[in-house]
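Take a look at the letters that make up each chain.
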Amino acid sequence: MQIGIDKIGFYTPHLYVDMEKLALARNEDPGKFLIGIGQEKMAVAPVTQDAVTLAANAALEILTDEDKEKIDFVIFGTESGVDHSKAAAIYVHRLLGLKPEVRAVEVKEACFGATAGLQMARGHIALHPESKVLVLGSDISRYGLNTSGEVTQGAGAVAMVVSAHPKILAIEEPSVYHTEDIMDFWRPVYSDSAYVDGKFSNEKYISFFQNVWKQYREKTGFTLSDFKAICFHMPYTKMGLKALRTVLDETDEDGRERLLAHYETSKSYNKIVGNIYTGALYLSLLSLLEQNTNIEAGARIGLYSYGSGAVGEFFSGILQPGYRKALQPARHQQMLEARKEISVAEYEAIFTTSLPNDGSAVTLPVNEDPATVCLAGIEGHKRQYVNKN
Ligand code: HMG
């Protein structure tokens, strides 16, 4: 039985900052942000969006009544959780109107959370082939104003329906993974921004890639020529390229050109959204699938997932016949083009506006946010979410 990604939804907030303007405001050469890092725009979440609302908005665009009837497991990968106890998946479960006979949990391992969710979902479908699983990857990436990580922030969510007989990508066996206890990037419970050892994190991202790619090659006998394209976790769009380049001498000129050309396509959305942590790999996959013109069904796509701390995984999938019909490029183009640019000063004001951290009541301006699902405020220490439909 084939199991994999049946649908992919994506949501990013309606505000962004232009990276050339951010570079100038930070006394940096714009070439560093635009080319050296490879980011053109950075999504900014208004106070009315959090990990829950971003995920619910991403899922809303893909779920039919039939999906809602069949989904019996919601797995929410995030490192921007809104509660130490209650799973973000439960809020989303209500906001989407799913049936009560559902398991709903939150999974955490930095940017790896959604991949853990996807693999758990496959196991669940193998046991219950008639059911479907909703896997969410939703985050707001925060390093702080005037930090070297600032250029790699972003906000957004990816929602995937995982099922038997998937319409988009059938995930293959085996999958290979690697874990090591390292401090390359972390966010202590008292901090709303991440701590990072930037250069070390880049080195580890690459060495974990080399490790899992070697394991994968040894287990499968596959080489780079067996892949039409490889998608990478994308903290910023230059990162995956650095890892890809370290293995390109394993293939010939044609192979190098193919993989590099598809890498360009796979960063289309990420370069104008930024790092969305758990969703970043799947946003890259979505970019590739929605923006390519020459990848046919039957092609094998590689996927490299990395979550700091750290866990890496390499796995692959086969594109399914008619996969383009299951995608929504026009809708995503429209969402990205309808966004509003804000100035660096406006972004800084949003960044420094936080919700009261003592639980005091607050009402938020949901009418200023075009999203369907918004955070409307806090009452009695409880987050108040609205679905405007
Ligand atoms: P930095 O020190 O500010 O930048 O930090 P840099 O000096 O290394 O410059 C970056 C690149 O720009 C360099 O290119 C420069 O040469 C180039 P490279 O040598 O790397 O190819 N450059 C220019 N290019 C063109 N024109 C110019 C110019 N000037 C310089 N004028 C860093 C960069 C990424 C380290 C920083 O932004 C950071 O710490 N970001 C956050 C951490 C991160 O994203 N790490 C990635 C791997 S870890 C990961 O992916 C997990 C993560 O998603 C978290 C999770 O799992 O939850 C982060």
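For every chain, the first residue of the written sequence is number 1, and numbering continues from 1 onward in sequence order. Note on the predicted model: pLDDT of at least 70 is required for a residue's local features to be given, and 80 or more for side-chain atom pairs to be given and counted; whole-chain, interface and lining totals, by contrast, use all residues.

1. Observations concerning the overall build of the protein chain
The condition is simple: Going along the chain from the N terminus, every DSSP run of H or I of four or more residues is numbered as a helix, and every run of E of two or more is numbered as a strand. Radius of gyration: over C-alpha atoms. The globule rule applied is 2.2 Å multiplied by the number of residues raised to the 0.38 power. We call a residue exposed when 12 or fewer other C-beta atoms sit within 10 Å of its C-beta, buried when the count reaches 20 or more, and partly exposed for counts in between; the C-beta positions come from the backbone. What counts as a contact is two residues whose backbone-derived C-beta atoms lie within 7 Å of each other.
Counting its secondary structure elements, the protein chain contains 12 helices and 18 strands. For the protein chain, whose C-alpha radius of gyration is 20 Å, the value lies close to the compact-globule estimate of 21 Å for 389 residues. Relative to its 389 residues, the protein chain shows a buried fraction of 48%. Pairs at least 24 residues apart make up 75% of the contacts formed inside the protein chain by residues separated by at least 6 positions.

2. Overview of helix α5 (residues 88-95)
In terms of burial, α5 is largely enclosed, as six of its eight residues are buried. Of all the positions in α5, only Ala88, Ala89, Tyr91, Val92, His93 and Leu95 are classed as buried. Turning to α5, the residues buried within the fold contact α3 (51-60), β4 (71-77), β5 (103-107), β6 (132-141), β17 (373-379) and β18 (382-387).

3. A look at the UniProt feature "domain: Hydroxymethylglutaryl-coenzyme A synthase N-terminal" (unreviewed entry) in the protein chain
Keep this limit in mind: UniProt positions are given in the numbering used here, feature names are shortened, and annotations may be inferred rather than shown by experiment.
The feature "domain: Hydroxymethylglutaryl-coenzyme A synthase N-terminal" (unreviewed entry), as annotated in UniProt, sits at residues 2-163 in this numbering. From the first C-alpha to the last, residues 2-163 spans 9 Å; its make-up is 33% helix and 30% strand.

4. Some remarks on the site of the ligand
Applicable threshold: Defining nearness, a residue is near a molecule or strand when the C-beta atom obtained from its backbone falls within 6 Å of it. As a working rule, the residues Ala, Val, Leu, Ile, Met, Phe, Trp, Tyr, Cys and Pro are called nonpolar, Asp, Glu, Lys and Arg charged, and the rest polar, with Gly in that last group.
Around the ligand, 31 residues are found, and the nearest of them are Gly31, Gly36, Ala110, Cys111 and Gly198. Elements with a contribution of two residues or more to the shell around the ligand: α2 (30-37), α7 (198-220), α8 (237-245) and β13 (300-307). Within the shell around the ligand, the residues separate by chemical class into 13 nonpolar, 12 polar and six charged.

5. Some remarks on the sheet that holds strand β16 (residues 362-363)
The condition is simple: Only strands that DSSP links by at least two bridges are regarded as paired with each other. Angles here are taken between N-to-C directions and fall from 0 to 180 degrees, while the axes themselves are lines fitted to C-alpha atoms, restricted in helices to the stretch in contact.
Strand order in the open sheet formed by three strands is β16-β17-β18, with antiparallel pairing between adjacent strands. Of all strands in the sheet, those bounded by a partner on one side alone are β16 and β18. When β16 meets β17, the two strands line up antiparallel, connected through two bridges. Each residue of the ladder has a partner; that of Val362, found in β17, is Ile378. Seen against the sheet, α3 touches β17 and β18 and runs at an angle of roughly 150 degrees to β17.

6. So, the packing of α3 against α5
We count it as follows: Any angle between 65 and 115 degrees counts as roughly perpendicular, while under 35 counts as roughly parallel, over 145 as roughly antiparallel, and the rest as oblique. Crossing handedness: left-handed means the near helix sits turned counterclockwise from the far one by under a right angle, and right-handed means the same turn made clockwise.
It is the contact of α3 with α5, at a shortest axis distance of 9 Å, that shows an interaxial angle of 45 degrees. Judged by the inter-axis angle, α3 sits oblique to α5. Between α3 and α5 lies a crossing of right-handed hand. Side by side, α3 and α5 meet where Ala51, Val52, Ala55, Ala56 and Ala59 of the first sit next to Ala88, Tyr91, Val92 and Leu95 of the second. Taken together, the residues of the contact of α3 with α5 break down into nine nonpolar, no polar and no charged.

7. Overview of the nonpolar core
Quick note on the threshold: As used here, a nonpolar core is made of buried Ala, Val, Leu, Ile, Met, Phe, Trp, Tyr and Cys residues. They are joined through C-beta atoms within 7 Å.
If you look at the biggest cluster of nonpolar residues, it comprises 116 residues, and the most contacted ones within it are Ala55, Val92 and Val158. Aside from chain neighbours lying at most four places away, what touches Val92 is Val52, Ala55, Ala56, Ala59, Val74, Phe76 and Leu136.

8. Brief notes about the environment of Ala299
Note that Ala299 resides in the loop between α10 (280-291) and β13. Owing to 17 C-beta atoms within 10 Å, Ala299 belongs among the partly exposed residues under this scheme. Residues Ala299 and Ala229, 70 residues apart in the sequence, show an inter-C-alpha distance of 8.4 Å. Ignoring any residue separated from it by four or fewer positions in sequence, one finds Ala299 in contact with Lys228 and Leu319.

9. So, the environment of Phe315
Turning to its location among the elements, Phe315 is positioned in strand β14 (residues 311-319). Note on Phe315: 22 C-beta atoms within 10 Å, which makes it buried. Through-space distance from the C-alpha of Phe315 to that of Glu172 is 7.1 Å; in sequence the pair is 143 residues apart. For Phe315, the residues in contact, after removing those within four places along its chain, are Ile171, Glu172, Ser175 and Leu303.

10. Remarks on the pairing of β6
Each regular strand shows side chains that alternate between the opposite faces of the sheet. When you tally the buried positions in β6, you get 10 out of 10 residues, the bulk of the element. With burial as the criterion, each face of β6 is covered, one bearing Lys132, Leu134, Leu136, Ser138 and Ile140 and the other bearing Val133, Val135, Gly137, Asp139 and Ser141. Looking at chain direction, β4 and β6 are connected through six bridges and run parallel. Looking at the pairing, Phe73 lines up with Val133 of β6. Pairing geometry for β6 and strand β7 (residues 154-164), over nine bridges, is antiparallel. What sits directly across from Val133, in β7, is Val162.

11. Quick look at the confidence of the model for the protein chain
Stated formally: pLDDT gives the predictor's per-residue confidence on a scale running from 0 to 100.
For the protein chain, per-residue confidence averages 97 on the pLDDT scale, and residues scoring 70 or more make up 100% of the total. Predicted as a complex, the structure gets a pTM of 0.98 and an ipTM equal to 0.98.

12. Regarding the UniProt feature "binding site: (3S)-3-hydroxy-3-methylglutaryl-CoA" (unreviewed entry) in the protein chain
Those places that UniProt annotates as "binding site: (3S)-3-hydroxy-3-methylglutaryl-CoA" (unreviewed entry) correspond, in this numbering, to Asp29, Tyr143, Lys242 and Asn275. Its place among the elements puts Asn275 in the loop between α9 (253-266) and α10. When residues no more than four places from it in sequence are discounted, the contact partners of Asn275 are Ser141, Thr152, Gln153, Gly154, Pro235, Tyr236 and Ala280.

13. Considering the pairing of β4
We apply this condition: Look down the strands so they point away from you; if the path from the first strand over the helix to the second goes clockwise, the crossover is right-handed.
The buried fraction of β4 amounts to six of the seven residues, a majority that puts the element mostly inside the structure. Strand direction decides the pairing type here: β4 and β5, joined by five bridges, are parallel. When the bridges of β5 are listed, Val74 appears paired with Ala104. At this point the chain moves from β4, through α5, to the parallel β5, and the crossover so formed is right-handed.

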